[in-house]
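Breakdown of the fold
Next come the chains, spelled out residue by residue.
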Amino acid sequence: MNFYFEAAATLDRLDAKQGSIKGVLATLPEKNRKRTAALVIETLKYKSALVEIINVSGLLAAERKLTSLNLALVLVHDLLLSNGSIQAGDGPVKQAVLRHKTRLNGEFQKLKIRHGAKSNADLAHTGDGRAAQIPRYVRVNTSMWSTEAAIEYFMKKGFTLDDPFGSRKGFAKDEHVSNLLLFHPQTTFHDDPAYKSGKVILQDKASCFPALVLSPPSEDSAVVIDATAAPGNKTSHLSALMQNKGKLYAFERDRHRFKTLSMMLSRAGCKNVETRNEDFLLVDPSDSEFARVTHILLDPSCSGSGIVNRLDHLLETEEENEVDQEDRLQKLATFQLKMIKHAMKFPGVRKIVYSTCSVHPTENEHVVQSALSSDEAKLRNFFLAPQNEVLPQWPRRGLKEELEAGDSSCLIRCSPGEDATNGFFVSCFITKAPPSTKRKLTATSRGDGSVKKRKKNNRSS
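Before going into details, it helps to say that this report is about the structure given with it. Remember, it's a predicted structure, so these values are computed and weren't measured experimentally. (Residues numbered from 1 in each chain as written. Predicted model: local features only at pLDDT ≥ 70, side-chain atom pairs only at ≥ 80, totals over all residues. Heavy atoms only, no water.)

A few points about the pattern of salt bridges
Evaluation of the coordinates by the stated rule reveals 21 salt bridges. For Lys94, the salt bridge goes to Asp90, with nearest N and O atoms at 3.5 Å. (Salt bridge = Lys/Arg side-chain N within 4 Å of Asp/Glu carboxyl O.)

Set out below in structure tokens:
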């Protein structure tokens, strides 16, 4: 029964928006991760139908042993959709569900009739159609082998250099990210030896942009920070770009995510990374340990509104009203701005990349605008890196109408459904002048550290 309790607790974390499905599942104990993940994902697919059945049957009201809706969901899922079997010993919780087996099955059949479902699969929550337009991206971990060696490896496994959408065995090199390969969307790699050994990393194309834009130096003297590092894809990318030289600090405040980060970086052979189970915002920029930090990557918590991949659409079964959404976005933006301003306080920093997987201007252009207007930016003379230093060949740039000052062409946007990626945003702040001693730094740029609201409504690109 512990298996079901763990699955229910995972659903609780997803309800509390503690991360993406992939991110939360990655924190599960490795021993039971595959089994628990499968139940969580399948339960989410049928959540709407299962909730309706549980409510109509009165299951929760009748059985006090079922302490939460999510516990009932995983148990009823297996009863109705997994060969009618709850995989647990005969205990009071299992019996609490089995007492209602006939009623639950009856309501299930009625639901299928009402929805015109010819099979159980017809009741499943379908994904965002744009996800089918995104290839399976595989980043070659150049810390362990070359892109050429990886291509040869996959060709020996029966793949051919061809259109990945034209053939299940076709794959291609990406035109913007040199060490990124594109495969058919339904290609799986979790059992592939190259994936298990860390030689390839499953990472969306847009997610590769922040490390490329930061372009950390590959020198023994280099000191770089990844401020919110888990699960580790961007950190391992930074490490590879640094050729495992210098020092790369990887901060992650969450204990479970920190374990995932540590395992991932170990598997990827990242020898220049020092992991810290700490909150980046609590790190003292004036500490002599960080005096030589020149590059900082910021990819803080965001709404995730740009994600249309194969899992996170399962969390979007309920529409958020406009007022609640705006309130949530403003809280996120305030936190994101705080991260940028904190990064600007490191005395030696010369380059800061801020990115999100959001399509909302509130978290993107508006945060950038507020950061540029902050006392921290003015004190250190930070400005946006010009377009020719920020993936100049990428066509989609920032929203001009959402940026009051600064050149929107300096910003990167990725649009799901149009760019064969998830939705993404990347900005880059640079400074070429030494710290000013003429201005006294105030605590925040607006007194409360919040992002100034714009009159225009949020729009996605």
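Description of the pairing of strand β9 (residues 295–298)
Neither face of β9 is open: one carries His295 and Leu297, the other Ile296 and Leu298, and all of them are buried. The pairing of β9 with strand β10 (residues 351–356) spans four bridges and is parallel. Pairing of Leu297 across the sheet is with Val353, part of β10. (Buried < 20%, exposed > 50% of the residue type's maximum accessible area, 1.4 Å probe, protein only. Helix = DSSP H or I, 4+ residues; strand = E, 2+ residues; numbered from the N terminus. Pairing = 2+ DSSP bridges.)

Focus on the environment of Ser370
With respect to the element layout, Ser370 can be found in helix α15 (residues 365–372). Between the C-alpha atoms of Ser370 and Phe346, which are 24 residues apart in sequence, the distance is 19 Å.

A few points about the packing of aromatic side chains
Taken as a whole and assessed by the stated rule, the structure comprises 19 aromatic pairs. Taking the centre distance of 5.8 Å and the plane angle of 80 degrees together, the rings of Phe154 and Phe189 count as edge-to-face. Note that Phe154 is positioned in helix α9 (residues 147–156) and Phe189 in the loop between β4 (180–183) and α10 (193–196), a separation of 35 residues in sequence. Phe189 carries the same exposure label as Phe154, and that label is buried. Ring geometry for Phe280 against Phe346: centres 5.6 Å apart, planes inclined by 5 degrees, an arrangement best described as stacked. Linking Phe280 in the loop between β8 (273–276) and β9 with Phe346 in the loop between α14 (322–343) and β10, this pair joins segments that are 66 residues apart in sequence. No difference in accessibility class separates Phe280 from Phe346, as the two residues are buried. An aromatic cluster is built from Trp145, Tyr153, Phe154, Phe159, Phe171, Phe183 and Phe189, whose rings are joined through pairwise contacts. The ring of Phe3 is capped by Arg35, whose NZ or CZ atom sits 3.7 Å from the centre of that ring. (Phe/Tyr/Trp six-rings, centres within 6.5 Å; stacked < 30°, edge-to-face > 60°. Lys NZ or Arg CZ within 6 Å of the ring centre and 35° of its normal.)

Details of the packing of helix α4 (residues 47–57) against helix α8 (residues 101–114)
Relative placement of two packed helices is described by the angle separating their axes and the distance separating the axes. Between α4 and α8, the shortest axis-to-axis distance is 9 Å and the interhelical angle comes to 125 degrees. In this view, α4 runs oblique relative to α8, as classed from their interaxial angle. Handedness of the crossing formed by α4 with α8: right-handed. In contact with Ala49, Glu52, Ile53, Val56 and Ser57 of α4, α8 contributes Arg103, Leu104, Glu107, Phe108, Leu111 and Arg114. Looking at side-chain class alone, the contact of α4 with α8 contains six nonpolar, one polar and four charged residues. (Axes fitted to C-alpha atoms, helices over the stretch in contact; angles between N-to-C directions. Parallel < 35°, antiparallel > 145°, perpendicular 65-115°, else oblique. Left-handed = near helix turned anticlockwise from the far one by under 90°. Contact = heavy atoms within 4.5 Å. Nonpolar A, V, L, I, M, F, W, Y, C, P; charged D, E, K, R; others polar.)

Structural notes on unusual backbone geometry
Following Ala230, the chain continues to Pro231 via a peptide bond in cis, the omega torsion being 5 degrees. Along the chain, Pro231 turns up in the loop between β6 (223–226) and α12 (233–241). Look at Ser215: it is not a glycine, yet its phi comes out positive at around 45 degrees. Mapped onto the elements, Ser215 comes out in the loop between α11 (205–214) and β6. For Asn381, which is not glycine, the phi dihedral falls at a positive 60 degrees. By the secondary structure assignment, Asn381 is in the loop between α16 (375–380) and β11 (383–384). The exposure class assigned to Asn381 is partly exposed, which follows from its relative accessible area of 38%.

Looking at the pairing of strand β13 (residues 424–430)
Counted residue by residue, β13 has seven buried out of seven residues, so it is predominantly covered. Burial along β13 is two-sided: Phe424, Val426, Cys428 and Ile430 facing one way and Phe425, Ser427 and Phe429 facing the other are all buried. Across six bridges, β10 lies against β13 in antiparallel orientation. Bridge pairing in β13 places Thr356 opposite Phe425. In the sheet, β11 pairs with β13 via two bridges, with the strands oriented antiparallel. By the bridge assignment, Phe383 is partnered in β13 with Ile430. Looking at chain direction, strand β12 (residues 412–414) and β13 are connected through three bridges and run antiparallel.

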